[in-house]
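If you want the building blocks of each chain, they are given just below.
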Amino acid sequence: MDALESLVERRLAQLPADAAWRADADFMRQLRALALASDFALATLASQPALVERLQADDGAASIEPPELTPDNRAEWPRLLRRYRHAESTRLVWRDVIVGDPVGTILTGSTELAETCLRIGLDALEADFAQRSGVVRAADGSVQRLIVFGLGKLGGGELNFSSDVDLVYAYELDGESDGARALAASDYFARLGQQLAKLLDQVTAEGFCHRVDLRLRPFGNAGRVALSFAGMEQYFQREGRDWERYAWQKARPVAGDIEAGEQLLRSLRPFVYRRYLDFGALDGLRTMKAAIATEVARKELAGDIKRGPGGIREIEFLAQALQLIHGGREAALRQRSLLPVLEALVELEYMDAATSEELTQAYRFLRMLENRLQMLADAQTHALPEDALQRERIARGLGYADWSALLVDVVAWRSRVSAEFAALLAPRELVKGDSDLSLYWRALPDDADAGALQIAGYHAFEALHRSLADFARSPGVRELSDSARVRLDRVLPALLQLASNSAQPDAVLRRLLPLLNTILRRASYLALLDEQTPALQRLVDALARSALLAERLGAHPLLLDELLDRRMSGDLPDREAMQAECRAALRDGDVEASLHALNEVRHALSFRLALALLDERCTAQECASRLAWLADAVVASVLRLVLAEMHAAHGEVAGARFAVLGYGSVGGEELGFGSDLDLVFLYDAPEGAQSDGARPLDAPRWFARLGQKLVSLLGTGTGAGRLFEVDMRLRPDGNTGLLVSTLASFSEYQRVRAWTWEHQALVRVRGVGGDPGLIAAADGVRVEVLGRTRNTTQLIEDVSSMRRKMRAELDRSDAAIFDLKQGEGGLVDLEFLLQFLVLRDAGSHPELLESRATPTLLDAALAAGSISDSVHAQLQAAHATLLDAGLRCTLDRRPRRVPRQASIDEARQAVTDAVRAQGLRFDS
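For every chain, the first residue of the written sequence is number 1, and numbering continues from 1 onward in sequence order. Owing to the predicted nature of the model, reporting of local features is limited to residues with pLDDT of at least 70; listing and counting of side-chain atom pairs is limited to 80 or more, with chain, interface and lining totals taken over all residues. In computing side-chain properties, one takes all heavy atoms of the structure into account and sets aside hydrogens as well as water.

Caption draft 1: How the structure looks around the overall build of the protein. A run of H or I in DSSP becomes a helix once it reaches four residues, and a run of E becomes a strand once it reaches two; helices and strands are each numbered from the N terminus. The helix and strand inventory of the protein stands at 40 helices and 13 strands. Taking the principal axes of its C-alpha atoms as reference, the protein extends roughly 115 × 80 × 60 Å. When a residue's accessible area, from a 1.4 Å probe over protein chains only, is under 20% of the maximum for its type it is buried; when over 50% it is exposed; and in between it is partly exposed. Within the protein, buried positions represent 55% of all 924 residues. A separation threshold of at least 6 residues defines the contact pool for the protein, and within that pool the share at least 24 residues apart is 73%. Positive and negative charge centroids in the protein, built from 110 and 132 side chains respectively, lie 3 Å apart. We call two residues in contact when some of their heavy atoms are within 4.5 Å. We treat Lys and Arg as the positive residues and Asp and Glu as the negative residues; His and chain ends play no part in the count. For this purpose, a charge sits on NZ of Lys, CZ of Arg, CG of Asp or CD of Glu.

Shown next as structure tokens:
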């Protein structure tokens, strides 16, 4: 009999010798396998022999029932909890070693066991405290309870077999107990928390239940045992450190007032997950990794499969770092458990599938090995054993022939993990430290030679040198922290080099400096450029091609995230996606925060569309249409905010409807960057209707106030800018008319009193928000009015006269003549032509009324016979050319006029010829 067989037989000898189950050969074989893997399990079976029969009966399928802790058995609480924990842990060993449950199932079982012990322990202690000292009541009389947060692997639902539990205690509101001797909430809950830790952690004759670690609380061992929510929030706002962001990623309320605990975690989310791409998290990770490496070296922990190189912690840190970087923007990454995070990283394209699968397999392997190390003697160990017999027990228990075979796999998996982790934290060298531009930057502000810029390819090098010297002298640069200055010294020479290779080096550098001045105040953006070299090239490309994007980046550095957004090079967002993003930006009950978030969404989406246009990933019409859809989504979201405010202040108007109509470029789905919105508001309500709130208003005043609020909120300035300027002059009777018209008055005005130019404007009208039924009714009015039979001679005169009047109000300089939009043969001439064709021919060809956008109106005009095939082709090409040139002029902050180009001259001539062919005369 070898040493292992001898050891197993000695362990089995501890169990009852005359038990009936000893006659079951298969069961005895299972017990021998259990004895090989776990001394702890055999000791538990010896002290609780009934458990042996239970395992034989159901193979450990059913969890052990937790004990009841009552006032009558108060002295027995520690013993009952420990016996329960030992029995349930032994069942988990059986399920792992004998049944072969997946490691994830065992980790979940260990987590649920700890939670159960915490819950029943706290419930019992709370009842005991309430009897002796009353309950804590806040100033409003509400009862306050302790919340127990589980951090680390307990919070993540991945507790290893013999782990300690990282706990933090909190309570919602300050107050005092209502017992005979009042205790302040902080003292009451500190005592309660200490008693809970003692109940679980204290070693008795029965051993321990769970080791408790309270050191992750604010201020560590020097801090209060329990803090109010206000105290917690204040701490994280003022004192929170990088490592605490990692710790609180996994935080979860596990006992006490769970609902209140989730509320606190929601309030702490901005501390854990920044709204922007947070590559600064990698510096915190480097610091933590360096500290761990020092500890590993000092304590000779190279064989530690948790903290050593390529260990469990490196997998966790790698996933958590990517969570912190991207989690502010990607809700799918705000998860506590590691394996679902790895899956989400693949789905979101932040990690390739092969890497994720390799890390997943390594994690499962190392966690199973860790559990087996701890199951041996219920010890909190992560180190590979030195003892030869223990090594053989672990190896054989895991199905390996010997320790050497197991060690081959351990080394292989740890090597793979170590390589991935090293790649994440690899040092950056954006430009060689001794390059000319690096030396030039380090010599600024006083000792640098402007000639270095000239050699690099800059033209106005002396003026640019002065600007760079002023930048180097600026307080923003001089007051940088040491770490931020190191980042700047890497980033700026790299940007100088990339800008010098761009199509417009001087323009890029001039546009870059205001942006740098802004991001110096936000170290996270400097970190983004330092850690992600692709962002540098994309930034330079954007600055070279668009003055508008440069301005937007300088005003809103959050847009730097778009340079790395995985969606940037993917499909363009459709209507539904934009609506969803805008709805997600709304914050219940917080209008200011909602407007700020909506502005950020609008900037991000329009930035993405601009880059797509510049990269020629979309046509000008696709870009303009999506800009209009974005406006629709913003208007609909702001309308939701306004309706919520009106309902809260004045109640609802029963049976009433409200709609927003879009005119002009938004109605025609041809919106530009920075365009305002031509809107008209309609409502419909039963006669005499009024709102049902505490402060009721009749329907006209209710909807007038709604319209005022909608215009106001769309134009309200926030830290992220304002959404849209709104032009309401196209409403019935213009500026003298009511801000919000009834459907009836709108219908009467359009049928009886509207001018021809107002009917022209109806051609592009469409609903952009509000009640679909009212929008359909308004469109019915539009169809009826536009479908009338008209006198063609009079129509030619009316349309021509209005266009000549508009021209007369413009500057008659060459600049105005060659304006892509307003000049002769420009986009407005094309719009007037199409409006004329619709008014002339819609009575006999109602299909002309189905379209609003220029390309589809041209198609409809061809189908109706209003224009010929050749004219249709020429006008489609002309529209595409002029719209594209106009959008690009806007993006580069140039007026909508360009030097004479053959393609543009040809487009304008095609429009002018088509206008004249219809008898229209737009020139004086």
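Caption draft 2: Examining the sheet that holds strand β1 (residues 136-138) more closely. If you walk across this open sheet you meet the three strands as β2-β1-β5, and the pairing is antiparallel. Every other strand in the sheet has two partners, leaving β2 (143-144) and β5 (175-177) as the edge strands with one partner each. Think of it this way: DSSP has to see at least two bridges between two strands before they count as a pair.

Caption draft 3: Seen up close, empty space enclosed by the protein. Buriedness for pockets is judged along seven lines, at least five of which must meet protein on both sides within 12 Å for an open set on the 1 Å grid over protein atoms alone, while cavities are sets there where a 1.4 Å probe fits but cannot get out, and lining residues have an atom within 4 Å of a point. Grid points are joined across faces, edges and corners, and a volume is the space filled by probe spheres set on the points. Scanning the entire structure with this criterion turns up six cavities of 30 Å³ or more. When its volume is computed, the largest cavity comes out at roughly 80 Å³. Taken together, R552, R602, S606, L627, L630, L671, G672, F673, G674, S675 and F724 make up the lining of the largest cavity. Taken together, the elements giving at least two residues each to the lining of the largest cavity come down to α28 (591-614) and α29 (620-650). We call Asp, Glu, Lys and Arg charged. Ala, Val, Leu, Ile, Met, Phe, Trp, Tyr, Cys and Pro are nonpolar, and the rest, Gly among them, are polar. Split into classes, the residues belonging to the lining of the largest cavity amount to five nonpolar, four polar and two charged.

Caption draft 4: Examining the packing of aromatic side chains more closely. Each aromatic pair joins two rings of Phe, Tyr and Trp (for Trp, the six-membered one) with centres within 6.5 Å, and gets the label stacked for planes under 30 degrees apart, edge-to-face for over 60, and tilted for any other angle. If you walk through the whole model with that rule in mind, you get 19 aromatic pairs. Taken together, a centroid distance of 5.6 Å and an interplanar angle of 40 degrees make the contact between F27 and W94 tilted. Here the residue F27 occupies a position in helix α2 (residues 25-37), and W94 occupies one in helix α5 (residues 77-99), the gap between them amounting to 67 residues. Taken individually, F27 and W94 each receive the classification buried, so the pair is uniform in this respect. Among the aromatic residues, those joined into a ring-pair cluster are F149, F219, Y235, F236, W248 and F271. Only when the NZ atom of a Lys or the CZ atom of an Arg is both within 6 Å of the ring centre and within 35 degrees of the ring normal do we say a charge sits over the ring. The ring of F129 has R132 lying over it, and the distance from NZ or CZ to the ring centre is 5.0 Å. Over the aromatic face of F724 sits the side chain of R602, whose NZ or CZ is 5.2 Å from the ring centroid.

Caption draft 5: Structural view of the pattern of salt bridges. We define a salt bridge as a contact between a side-chain nitrogen of Lys or Arg and a carboxyl oxygen of Asp or Glu at a distance within 4 Å. Evaluated as defined, the whole model comprises 57 salt bridges. The salt bridge involving R393 is made with D39; its shortest N-O contact spans 2.7 Å. One end of the pair, R393, is in helix α16 (residues 388-397); the other, D39, is in helix α3 (residues 39-47), and 354 residues separate them in sequence. On the basis of relative accessible area, R393 is assigned to the buried category, the value being 4%. Note that D561 and R329 form a salt bridge whose closest N and O atoms lie 3.5 Å from each other. One end of the pair, D561, is in the loop between α26 (547-555) and α27 (575-585); the other, R329, is in the loop between α13 (312-326) and α14 (338-347), and 232 residues separate them in sequence. On the accessibility criterion, D561 (0% relative accessible area) is buried. Among the charged side chains, a salt-bridge network with shared partners connects R329, D561, E562, E581 and R608.

Caption draft 6: Focus on the side chain of T890. Looking at where T890 falls in the secondary structure, it is placed in helix α39 (residues 869-891). T890 sits in the buried class, given a relative accessible area of 18%.

Caption draft 7: Expanded view of α13. Expected span, for any helix, means 1.5 Å times one less than how many residues it has. For α13, which comprises 15 residues, the first-to-last C-alpha distance of 22 Å matches the rise-based estimate of 21 Å (1.5 Å per residue) to within 8%. A large share of α13 lies buried, amounting to 14 of its 15 residues.

Caption draft 8: A look at the packing of α27 against α29. At a minimum axis separation of 9 Å, α27 and α29 run at an interaxial angle of 35 degrees. Viewed along their axes, α27 and α29 form a crossing whose handedness is right-handed. Residues R575, M578, Q579, C582 and R583 of α27 pack against R626, W629, L630, D632, A633, V634, A636, S637 and R640 of α29. When the residues that make up the contact of α27 with α29 are grouped by side-chain class, the tally is seven nonpolar, two polar and five charged. To obtain an axis, a line is fitted to C-alpha atoms, over the contacting stretch when the element is a helix, and the angle between two such axes runs from 0 to 180 degrees between their N-to-C directions. Left-handed describes a crossing whose near helix is turned anticlockwise from the far helix through less than a right angle; right-handed describes the clockwise counterpart.

Caption draft 9: Expanded view of the environment of M368. In this structure, M368 sits in helix α15 (residues 353-375). Residue class for M368 comes out partly exposed when judged on its relative accessible area of 27%. Residues M368 and N791 lie 423 residues apart in sequence; the distance between their C-alpha atoms is 87 Å. Look past the residues within four positions of M368 in its chain and what remains in contact with it is V103 and L398.

Caption draft 10: Summary view of the nonpolar core. Counting 235 residues, the largest nonpolar core has W248, L285, L539, V638 and F658 as its most contacted members. Tallying contributions element by element places α29 first for this core, with 16 residues. If we skip the residues at most four places from it in the chain, W248 touches F149, L151, V168, L216, M232, F236, L265, L268 and V272. Listed in part, the 69 residues of the second largest apolar core include A114, L125, L192 and V225. The term nonpolar core refers to a set of buried residues drawn from Ala, Val, Leu, Ile, Met, Phe, Trp, Tyr and Cys, joined through side-chain atoms within 4.5 Å.

Caption draft 11: Representation of α28 within the structure. In this model α28 runs 34 Å from its N-terminal to its C-terminal C-alpha over 24 residues, within 8% of the 34 Å that 1.5 Å per residue would give. Of all 24 residues making up α28, 21 are buried, and the element is well covered by its neighbours. Two N or O atoms count as a polar contact when they lie within 3.5 Å, although within protein this holds only if one can serve as hydrogen donor and the other as acceptor, and sequence-adjacent residues are included solely when both atoms are side-chain atoms. Its side-chain oxygen 3.4 Å from the backbone nitrogen of E592, D590 forms the N-cap of α28. Looking at the residues trailing α28, positive phi occurs at E616, about 60 degrees.

Caption draft 12: Seen up close, unusual backbone geometry. At the junction of L444 and P445, the peptide bond is cis and its omega measures out at 10 degrees in the coordinates. Secondary-structure assignment places P445 in the loop between α18 (436-443) and α19 (451-456). At D733, a residue that is not glycine, the phi angle is positive and equals roughly 70 degrees. Within the element layout of this structure, D733 appears in the loop between β11 (726-727) and β12 (740-742).

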